[in-house]
Amino acid sequence: GAGVSQSPRYKVAKRGQDVALRCDPISGHVSLFWYQQALGQGPEFLTYFQNEAQLDKSGLPSDRFFAERPEGSVSTLKIQRTQQEDSAVYLCASSQVGNYGYTFGSGTRLTVV
Amino acid sequence: SQQGEEDPQALSIQEGENATMNCSYKTSINNLQWYRQNSGRGLVHLILIRSNEREKHSGRLRVTLDTSKKSSSLLITASRAADTASYFCATDPGYSSASKIIFGSGTRLSIRP
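A quick note: this is a predicted structure, and the numbers were derived from the prediction, not measured.

Enquirer: Can you tell me about the overall build of chain A, naming the residues and giving the values?
Expert: The secondary structure content of chain A amounts to zero helices and 11 strands. Element order for chain A, N to C, with α for helix and β for strand: β-β-β-β-β-β-β-β-β-β-β. Relative to a compact globule of 113 residues, whose C-alpha radius of gyration would be 13 Å, chain A shows 13 Å and is just as compact. Taking the principal axes of the C-alpha coordinates as reference, chain A spans close to 40 × 25 × 25 Å. A total accessible area of about 5400 Å² is found for chain A, and carbon and sulfur atoms account for 46% of it. Side chains of chain A carry 11 positive and 10 negative charges; the gap between the two charge centres is 8 Å.

Below you can see the structure in the form of structure tokens.
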């Protein structure tokens, strides 16, 4: 597709449930980023892939968060044993090497109840 | 943690007026970017200014960068109702060819008809 696609658009999870969020980047974009955005705040960096390699995962808040991009295209962000503080919008972005600006998806709004 | 701080946090102006938003950051950068986010949507890349540039224009947008003061400003001229959104600055520290960008907390801009 022409843009970055994320699914699902909305997800409601019961506390303790595992969730998986999907990101389809722009075809050919080498770099892929995940951000977490709390209500009224700016996006916070979670992790970064260059092709299939996860080069930076310093922003993942705990070991309950795991991201993968096994074939260098689609990426999945998994959150295990969700907690209420995980409620946020999860944004995926992709870019060409050299960082001329990111293209963001519309995000997945996760609500943990 | 967030690198940039936008000022003001919220701004309400009359349609047709100019809107100015400021961003201050803490560390040295490779480039600085501005993004717009409409309610409930992903971020849209507006403009990128490199550390060796002082001013850049794109349509009704004008961005300035003062690396000595570690600050940037975004000017939107002749504002329109469609400009109502949150605006974020994001800095690229330039650790690598495609390093993560770090967002500020944003300015919420409202255009009154």
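Structure shown, so let's carry the discussion forward.
Enquirer: An account of the nonpolar core is requested, with residue identities and associated values reported.
Expert: Core analysis: the largest hydrophobic core is formed by 21 residues, its most contacted members being B:Leu32, B:Trp34, B:Leu74, B:Ile76, B:Tyr87 and B:Leu109. Sorting the residues of this core by element identifies β3 (19–24), β4 (31–37), β5 (43–50), β7 (61–66), β8 (71–76), β9 (85–92) and β11 (107–112) of chain B as the ones contributing at least two each. Residue contacts for B:Leu109: discarding those within four places in its chain leaves B:Leu11, B:Ile13, B:Ala19, B:Met21, B:Ile76, B:Asp83, B:Thr84, B:Ala85 and B:Tyr87. Counting 20 residues, the second largest nonpolar core, distinct from the first, contains A:Leu21, A:Phe49, A:Leu60 and A:Ala88.

Enquirer: An account of the state of the cysteines is needed here, citing residue identities and associated values.
Expert: This structure, assessed with the given rule, holds two disulfides over all chains. With its sulfur 1.9 Å from that of its partner, A:Cys23 forms a disulfide with A:Cys92. On the sign convention where negative is left-handed, the bridge of A:Cys23 and A:Cys92, at about -65° about the S-S bond, is left-handed. Taken as a pair, A:Cys23 in strand β3 (residues 19–24) and A:Cys92 in strand β9 (residues 88–95) lie far apart in primary sequence, 69 residues in all. Summarising the burial analysis for this pair, A:Cys23 and A:Cys92 share the class buried. For B:Cys23, the disulfide goes to B:Cys89, at an S-S distance of 2.0 Å. Of note, the bridge from B:Cys23 to B:Cys89 carries an S-S torsion of about 65° and is right-handed in sense. Linking B:Cys23 in strand β3 with B:Cys89 in strand β9, this pair joins segments that are 66 residues apart in sequence. Each of the two residues, B:Cys23 as well as B:Cys89, counts as buried.

Reading guide: rules and limits
- Each chain carries its own residue numbering, running from 1 in the direction its sequence is written.
- Each chain gets a letter, beginning with A, and each ligand a number, beginning with 1, in the order they are written.
- Note on the predicted model: pLDDT of at least 70 is required for a residue's local features to be given, and 80 or more for side-chain atom pairs to be given and counted; whole-chain, interface and lining totals, by contrast, use all residues.
- The side-chain figures draw on all heavy atoms in the structure; neither hydrogens nor water molecules are used.
- The way it works is that DSSP assigns letters per residue, a run of H or I at least four long becomes a helix, a run of E at least two long becomes a strand, and they are numbered from the N terminus.
- Here the radius of gyration uses the C-alpha set of atoms, whereas the globule reference equals 2.2 Å times the residue count to the power 0.38.
- Residue exposure ignores everything except the shown protein chains as possible cover, and the areas themselves are Shrake-Rupley values with a 1.4 Å probe.
- For this count, His and the chain ends are skipped, Lys and Arg are scored as positive, and Asp and Glu as negative.
- In this description, the location of a charge corresponds to atom NZ of lysine, CZ of arginine, CG of aspartate or CD of glutamate.
- We call a set of buried Ala, Val, Leu, Ile, Met, Phe, Trp, Tyr and Cys residues a nonpolar core when their side-chain atoms join them within 4.5 Å.
- Whether a residue is buried, partly exposed or exposed follows from its accessible area with a 1.4 Å probe, protein chains only, as a fraction of its type maximum: under 20%, in between, or over 50%, in that order.
- Whether two residues are in contact is decided by their heavy atoms, any of which lying within 4.5 Å being enough.
- To count as a disulfide, a pair of cysteine sulfur atoms needs to be within 2.5 Å.

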